[in-house]
Amino acid sequence: MSDASETVIFAASILSADFGHLADACQRAVAAGAAWIHLDVMDGHFVPNLTMGPQVVAACRRATRAVLDVHLMVEEPERWVEPFAQAGADILTPHIEATPHIHRVLQRIRSLGKRAGIALNPGTDHRWLTPILPLLDHVLVMTVNPGFAGQAFLPEVMPKVRAVRAMLDAAGRTAVTLAVDGGINPETLPQAYRAGARVFVAASAIFRHPQGIEAGVAALRRAVPTAPPSPQPHPREDVDG
């Protein structure tokens, strides 16, 4: 089993991309060093926005062979797992808050040969992960309240990131990728890195960088701390969001 805790991955969120030139935007981000393309699916119910469907995932699949990381910000995600898997998703990440049947959803994702992720809103206790740890390949901790690009990073979520990292390590789940999403830029990335995240979802920082997509990815790469992270105190079991 590989250890994902030291591999830094940039996931370029197309929420801030130019949809008139989506294929080009994806290809440029990947060429610049973004290993994943992140797609935010919103239904206008679970979050107050409406975005993309399986057709957009399929378009990205045609444009790139990079990992397609599909974040399902939808109610009843069990209805959408198969259509997005068929469209070409590699990782499917529903919200734990969105369904009472999360075991069934994760099992279905895995049965389709896809990596099963779970997303946590800023106010959701990390301990909700405990019963589903054996089913997880990926954990996404939201560092903004989901729904819109361009929001300010919430530093108060960092104790939860540390707690999730400790939980995964204690369970021997070092191959599970730990991501942060929301307000990630060269100023905020080091905080999340030191808390234990190694996947950084960035939208505006990449696709709206004033010098272009390539400069956005390069700026994020330069922001990764080069020194080993300083030791963190073991998170208390009662850490909450």
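The structure under discussion appears in the preceding block.
Residues numbered from 1 in each chain as written. Predicted model: local features only at pLDDT ≥ 70, side-chain atom pairs only at ≥ 80, totals over all residues. Heavy atoms only, no water.

Engineer: Any chance you could explain the overall build of the protein here in plain terms?
Structural biologist: Counting its secondary structure elements, the protein contains eight helices and eight strands. Across the 241 residues in the protein, those meeting the buried criterion constitute 55%. Within the protein, contacts between residues separated by at least 24 positions form 67% of all contacts whose residues are at least 6 apart in sequence. Summed over all atoms, the accessible surface of the protein reaches about 10,300 Å², with 53% contributed by carbon and sulfur. (Helix = DSSP H or I, 4+ residues; strand = E, 2+ residues; numbered from the N terminus. Buried < 20%, exposed > 50% of the residue type's maximum accessible area, 1.4 Å probe, protein only. Contact = heavy atoms within 4.5 Å. Areas by Shrake-Rupley, 256 points an atom, 1.4 Å probe, with all protein chains shown as cover.)

Engineer: Got a minute to help me understand the sheet that holds strand E4 (residues 91-94) in this structure?
Structural biologist: The strands that make up a sheet are held in pairs by hydrogen bonds between backbone atoms, and each pair lies either parallel or antiparallel. Pairing in this closed barrel of eight strands is parallel, and the strands run E1-E2-E3-E4-E5-E6-E7-E8 around the ring. Pairs of neighbouring strands in the sheet enclose a mean axial angle of 25°, with direction left out of account. Here E4 runs beside strand E5 (residues 115-120); their pairing, made up of two bridges, is parallel. If you follow Leu92 over to E5, its bridge partner there is Ala116. Along the sheet face, helix H2 (residues 54-63) touches strand E2 (36-42) and strand E3 (67-73) and points at about 170° away from the line of E3. (Pairing = 2+ DSSP bridges. Axes fitted to C-alpha atoms, helices over the stretch in contact; angles between N-to-C directions.)

Engineer: Mind showing me how you'd approach the state of the cysteines here?
Structural biologist: For the structure shown, the criterion picks out zero disulfides. In this structure Cys60 is not part of a disulfide, and its nearest cysteine sulfur, from Cys26, lies 3.8 Å away. (Disulfide = S-S within 2.5 Å.)

Engineer: What am I meant to see in the nonpolar core here?
Structural biologist: Across soluble globular proteins, nonpolar side chains show a tendency to be buried alongside one another. Residues Ile14 and Leu39 are the most contacted members of the largest nonpolar core, which totals 67 residues. Examining the composition of this core, we find that five residues originate from one element, helix H5 (residues 158-170), more than from any other. Beyond its immediate chain neighbours, meaning those up to four positions away, Leu39 contacts Ile14, Met52, Val56, Val57, Cys60, Leu68, Asp69, Val70 and His71. If you look at the next biggest cluster of nonpolar residues, it comprises 11 residues, including Trp36, Leu140, Met142 and Val199. (Core = buried A, V, L, I, M, F, W, Y, C linked by side-chain atoms within 4.5 Å.)

Engineer: How should helix H8 (residues 213-223) be read in this particular structure?
Structural biologist: Here H8 has its buried residues at Ile213, Gly216, Val217, Ala219, Leu220 and Ala223. Considered in projection along H8, the buried side chains sweep an arc of 155° and stay on one side of the axis. Packing partners of the buried residues in H8 comprise strand E1 (9-13), helix H1 (22-32), helix H6 (189-195), strand E8 (199-202) and helix H7 (204-207). (Arc of directions from axis to C-beta.)

Engineer: Would you explain H5 in this entry?
Structural biologist: Because each turn of an α-helix spans 3.6 residues, side chains separated by three or four positions in sequence point in the same direction. For H5, spanning 13 residues, the distance from its first C-alpha to its last is 18 Å, which sits close to the expected 18 Å at 1.5 Å a residue. Those residues of H5 lying buried are Met158, Lys160, Val161, Ala163, Val164, Arg165, Ala166, Met167 and Leu168. Among the residues trailing H5, Gly172 stands out with phi positive, at a value near 70°. (Expected span 1.5 Å × (residues − 1).)

Engineer: Got a minute to help me understand the environment of Asp125 in this structure?
Structural biologist: Relative to the helices and strands, Asp125 is located in the loop between E5 and strand E6 (138-142). Among the residues examined, Asp125 registers a relative accessible area of 12% and is labelled buried. For the pair Asp125 and Ala163, spaced 38 residues apart in the sequence, the C-alpha separation amounts to 9.8 Å. Within the structure, the side chain of Asp125 is placed 3.5 Å from the side chain of His126, a separation counted as a polar contact. (Polar contact = N/O pair within 3.5 Å; in protein donor to acceptor, adjacent residues only side chain to side chain.)

Engineer: Looking at this model, I keep getting lost on the packing of H1 against H8. Mind explaining?
Structural biologist: Between two packed helices, the angle of one axis relative to the other and the distance separating the axes together describe the packing. Two elements in contact, H1 and H8, have axes whose closest approach is 9 Å; the angle formed by their N-to-C orientations is 35°. The way H1 lies across H8 gives a crossing that is right-handed. In this structure, H1 uses Ala25, Arg28, Ala29 and Ala32 to contact H8, whose residues at the interface are Ile213, Glu214 and Val217. (Left-handed = near helix turned anticlockwise from the far one by under 90°.)

Engineer: Would you mind showing me how to read the environment of Gly117 here?
Structural biologist: Counting through the fold element by element, Gly117 comes out in strand E5. With near-sequence residues (within four places) excluded, Gly117 lies in contact with Leu92, Thr93, Pro94, Leu106, Leu136 and His138.

Engineer: How do you make sense of the pairing of E2 when you look at a structure like this?
Structural biologist: Remember that side chains alternate between the two faces of the sheet whenever the strand is regular. Burial analysis of E2 places seven of its seven residues in the buried class, which makes it a mostly covered element. Bridge count for E1 against E2 is three bridges, and the pairing is parallel. Bridge assignment links Ala11 to a residue of E2, and that residue is Trp36. Handedness of the E1-H1-E2 crossover: right-handed. (Right-handed = clockwise from strand over helix to strand, strands pointing away.)

Engineer: So what exactly am I meant to see when it comes to the pattern of salt bridges here?
Structural biologist: If the charged atoms of two oppositely charged side chains come close together, the side chains can form a pair. Inspection of the entire model under this criterion finds eight salt bridges. A salt bridge links Arg108 to Glu82, with the nearest nitrogen and oxygen atoms 2.8 Å apart. One end of the pair, Arg108, is in helix H4 (residues 102-111); the other, Glu82, is in helix H3 (residues 81-87), and 26 residues separate them in sequence. Owing to a relative accessible area of 36%, Arg108 belongs among the partly exposed residues under this scheme. Notably, a salt bridge pairs Asp169 with Arg165, separated by 3.2 Å at the nearest N-O pair. One end of the pair, Asp169, and the other, Arg165, are both in helix H5, four residues apart, so they sit about a helical turn from each other. Assessed through its relative accessible area of 39%, Asp169 is described here as partly exposed. A network of salt bridges, in which partner residues are shared, links Asp24, Arg28 and Glu214. (Salt bridge = Lys/Arg side-chain N within 4 Å of Asp/Glu carboxyl O.)

In short, the description is geometric, and any link to function would need to be established separately.
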